[in-house]
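Given next are the chains, with one letter for each unit.
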Amino acid sequence: MEKSLTHIALFSALIAALGLMPSMMLATGVPISGQSLGIMLCGTVLGAKRGGLAALLFIALVAAGLPLLAGGVGGLGMFFGPRGGFLIGFPVAAFVAGLVVQNLRARVGIAAFAGAVLGGIVVLYAIGVPVMAAHLSEESLAKMFADLPAYRELPLPVALCALFLPGDIIKAVIAAAVTATVARMRPASLLSRA
Amino acid sequence: MLTLTSPVEIWAHRWPAGVKLALLCAGTLLLFSLHGILPLTVALVAVLALIASGGRRFAGASLRMLRPLWPFVALVALWHLWLRDPGGLVILLRMATAVAAANFVTMTTRLSDMLAVFEWLLRPLARLGLSPRMIGLAVALVIRFLPVMQLRSAQIAESWRARSARRPGWRVILPATMAALDDADRVAEALRARGGAG
């Protein structure tokens, strides 16, 4: 009980700490923040339930007014902006990443990479991109969700995400490597495989 | 740690947090059902008037909080110029209004009041074993441990720099994660020794 609570709380703080770290520049010059890496790690290390709750706690604190997002921003406005869907998607992404690591009978590193890609990229984009497209569309919300595939604002968010995809794949590799090392050095702490 | 609540106290600080959140939800729903440049301009002017009612310092801080929107504003403008479509203005008006209104609520509500509303909203979950006391404890732990983790990440990066000429980058992440796991174990033991969390 206490262990679940402290793991959820400390990983929530870890997501924030990774996001507030100076962003690591790739060779291509695209800045990548550690925030979504933190989300992946929540799932792959803590498992579906605890990882999802850690991410949920994190976005709740952002909504409550703590400037915990990369770049030192936060508040309710972030949920109503074009990136809002990605925030809402964080807990789902961590949950799915954890689910994959728990259920995929493969070596930890491989399962963690699959989980990080499926949760932290596929699921996260699947929630974030349509919301961003909705923000970038002039149609009313109701009309747009009724006619989702047809709207022409989709290319812009898809192009934006393509820009972040290489960075996110690198983050999935790092998340997998970190998870595999945790499995080797602290097998009892890897709650997703406990 | 600093919160985004404005240090400049204005009339809206005295409103209950729950009322402000409910009004924000209703207002945003209304905003997303509005069409055309005229009604959306009226909505933006209304929100700007709310912000201006807080005085110069408050308004300045609110406008600075809109900074994360600028890349999107630039993108939308370019995209719609390329499409030769005036609809971009509608999008920008709606986006700026929605975010500015939400920021207004954030800036005029104390963290503790906002968390109290969240706890109230989560009351139904108590039956599933998620007691408000646990949520409060988890929030307190995050706020306490965030500076600890930032300090430690900085120390890990420092010690990397002492050993190598290259930048630490992602190499900080493994030790930071391990330290978070170890801390979680120790804090859990400490909580149990003090009578447990439940």
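Criteria and cut-off values
Residues numbered from 1 in each chain as written. Chains lettered and ligands numbered in written order. Predicted model: local features only at pLDDT ≥ 70, side-chain atom pairs only at ≥ 80, totals over all residues. Heavy atoms only, no water. Helix = DSSP H or I, 4+ residues; strand = E, 2+ residues; numbered from the N terminus. Rg over C-alpha atoms; globule rule 2.2 N^0.38 Å. Buried < 20%, exposed > 50% of the residue type's maximum accessible area, 1.4 Å probe, protein only. Areas by Shrake-Rupley, 256 points an atom, 1.4 Å probe, with all protein chains shown as cover. Lys, Arg positive; Asp, Glu negative; His and termini not counted. Charge placed at Lys NZ, Arg CZ, Asp CG, Glu CD. Patch = residues over 30% accessible without salt bridge, like charges linked within 9 Å, V, L, I, M, F, W, Y side chains within 5 Å. Salt bridge = Lys/Arg side-chain N within 4 Å of Asp/Glu carboxyl O. Domains from an automatic or database assignment. Arc of directions from axis to C-beta. Contact = heavy atoms within 4.5 Å. Buried area = accessible area lost by both parts, 1.4 Å probe. Polar contact = N/O pair within 3.5 Å; in protein donor to acceptor, adjacent residues only side chain to side chain. Nonpolar A, V, L, I, M, F, W, Y, C, P; charged D, E, K, R; others polar. Phe/Tyr/Trp six-rings, centres within 6.5 Å; stacked < 30°, edge-to-face > 60°. Core = buried A, V, L, I, M, F, W, Y, C linked by side-chain atoms within 4.5 Å. Expected span 1.5 Å × (residues − 1). Axes fitted to C-alpha atoms, helices over the stretch in contact; angles between N-to-C directions. Parallel < 35°, antiparallel > 145°, perpendicular 65-115°, else oblique. Left-handed = near helix turned anticlockwise from the far one by under 90°. pLDDT = per-residue confidence, 0-100.

1. Things to note about the overall build of chain B
So, step 1. Secondary structure assignment for chain B yields eight helices and zero strands.
So, step 2. Along chain B, helices (α) and strands (β) appear in the sequence α-α-α-α-α-α-α-α when read from the amino end.
So, step 3. Taken against the 2.2 N^0.38 rule, which gives 16 Å for 198 residues, the C-alpha radius of gyration of chain B at 22 Å runs more than 25% over that of a compact globule.
So, step 4. Here chain B holds 198 residues, and 44% of them are scored as buried.
So, step 5. Looking at chain B as shown, the accessible area adds up to about 11,100 Å², and 68% of this sits on carbon and sulfur atoms.
So, step 6. Within chain B, one finds 22 positive and 9 negative side-chain charges whose respective centroids are separated by 7 Å.

2. Topic: a nonpolar patch on the surface
So, step 1. On the surface, a nonpolar cluster with roughly 430 Å² of combined accessible area is contributed by W11, W15, V19, L23 and L50 of chain B.
So, step 2. Turning to its location among the elements, L50 of chain B is positioned in helix 2 (residues 37-52).

3. Remarks on the domain arrangement of chain B
So, step 1. The domain boundaries assigned to chain B delineate domain 1 (1-109) and domain 2 (131-198).
So, step 2. For domain 1 of chain B versus domain 2 of chain B, the separation of C-alpha centres amounts to 35 Å.

4. Some remarks on helix 3 (residues 56-64) of chain B
Residue and element names in this part refer to chain B.
So, step 1. Every buried residue of helix 3 is listed here: F58, A59 and S62. Taken around the axis of helix 3, the buried residues stretch over an arc of 95°, which confines them to a single face. Those residues of helix 3 that are exposed and angled more than 90 degrees off the buried face are R56, R57 and R64.

5. Some remarks on the interface of chain B and chain A
So, step 1. Residue-level contacts link 67 residues of chain B with 61 residues of chain A.
So, step 2. Across the interface of chain B and chain A, roughly 5,600 Å² is buried in total on both sides, 79% from carbon and sulfur atoms.
So, step 3. One salt bridge in this structure joins R192 of chain B and E2 of chain A, with 3.3 Å as the shortest N-O distance.
So, step 4. Where chain B meets chain A, there are six residue pairs in polar contact (both at pLDDT 80 or more).
So, step 5. Those elements that place two or more of their residues in the side of chain B that touches chain A are helix 1 (17-33), helix 4 (70-83), helix 5 (88-107), helix 6 (111-121), helix 7 (132-163) and helix 8 (173-193) of chain B.
So, step 6. For the side of chain B that touches chain A, the element with the highest residue contribution is helix 8 of chain B, accounting for 15 residues.
So, step 7. Across the side of chain B that touches chain A, the residue classes tally to 48 nonpolar, 12 polar and seven charged.

6. Some points on the packing of aromatic side chains
So, step 1. The tally for this structure, following the rule as stated, stands at four aromatic pairs over all chains.
So, step 2. Taken together, a centroid distance of 6.1 Å and an interplanar angle of 85° make the contact between F86 of chain A and Y125 of chain A edge-to-face. One end of the pair, F86 of chain A, is in helix 5 (residues 84-103); the other, Y125 of chain A, is in helix 6 (residues 108-135), and 39 residues separate them in sequence.
So, step 3. Classification of F86 of chain A as buried rests on a relative accessible area of 14%.
So, step 4. In this structure Y125 of chain A comes out as buried when scored by relative accessible area, which is 14%.
So, step 5. Clustering of aromatic rings is evident, with ring pairs tying together W11, W15, F58 and F104 of chain B.

7. Here's the deal with the nonpolar core
So, step 1. Counting residues in hydrophobic clusters, the biggest one holds 121 residues, and the most contacted among them are F11, L41, F58, L61, L68, L76 and F90 of chain A.
So, step 2. It is helix 5 of chain B that contributes the most residues to this core, 13 residues altogether.
So, step 3. Lining this core are residues from two domains, each supplying at least three of them: domain 1 (1-109) and domain 2 (131-198) of chain B.
So, step 4. The contacts of L76 of chain A, once residues within four sequence positions are left out, are V62 and A63 of chain A together with L21, L24, A102, V105, T106 and M114 of chain B.

8. Here's the deal with helix 5 of chain B
For an α-helix the count is 3.6 residues per turn, leaving residues at separations of three or four pointing the same way.
So, step 1. The terminal C-alpha atoms of helix 5 of chain B lie 28 Å apart, and with 20 residues this matches the ideal 28 Å at 1.5 Å per residue to within 8%.
So, step 2. Counting buried positions over the 20 residues of helix 5 of chain B gives 18, a clear majority of the element.

9. What about the pattern of salt bridges?
So, step 1. The full count for this structure, using the stated rule, is nine salt bridges over all chains.
So, step 2. A salt bridge links D182 of chain B to R186 of chain A; the shortest N-O distance between them is 2.7 Å. Pair noted here: D182 of chain B is in helix 8 and R186 of chain A is in the segment after helix 8 (155-185), and the two residues belong to different chains.
So, step 3. Between R110 of chain B and D113 of chain B there is a salt bridge, with the nearest N and O atoms lying 3.6 Å from each other.
So, step 4. Within this structure, E9, R110 and D113 of chain B form a network of salt bridges that share partners.

10. Brief notes about the packing of helix 1 (residues 2-20) of chain A against helix 2 (residues 35-46) of chain A
All names here are of chain A.
So, step 1. Interaxial distance between helix 1 and helix 2 falls to 7 Å at its minimum, and their mutual angle equals 155°. In terms of orientation, helix 1 lies roughly antiparallel with respect to helix 2. For helix 1 against helix 2, the interelement crossing comes out right-handed. Note on element contacts: helix 2 touches helix 1 through Q35, G38, I39, L41, C42, V45 and L46, opposite H7, I8, F11, I15, A16, L18 and G19.

11. Focus: the environment of G65 of chain A
So, step 1. Its location among the elements puts G65 of chain A in the loop between helix 3 (48-64) and helix 4 (77-80).
So, step 2. For G65 of chain A, a relative accessible area of 3% gives the class buried.
So, step 3. Separated by 13 residues in the primary sequence, G65 of chain A and M78 of chain A have C-alpha atoms spaced 10 Å apart.
So, step 4. For G65 of chain A, the contacting residues outside a window of four places in its chain are G75 of chain A together with T3, L4, T106 and L111 of chain B.

12. Here's the deal with the confidence of the model for chain B
So, step 1. Per-residue pLDDT for chain B has a mean of 88; in total, 99% of the residues score no lower than 70.
So, step 2. For chain B, the element scoring lowest by mean pLDDT is helix 4 of chain B, at 81; helix 8 of chain B scores highest, at 93.

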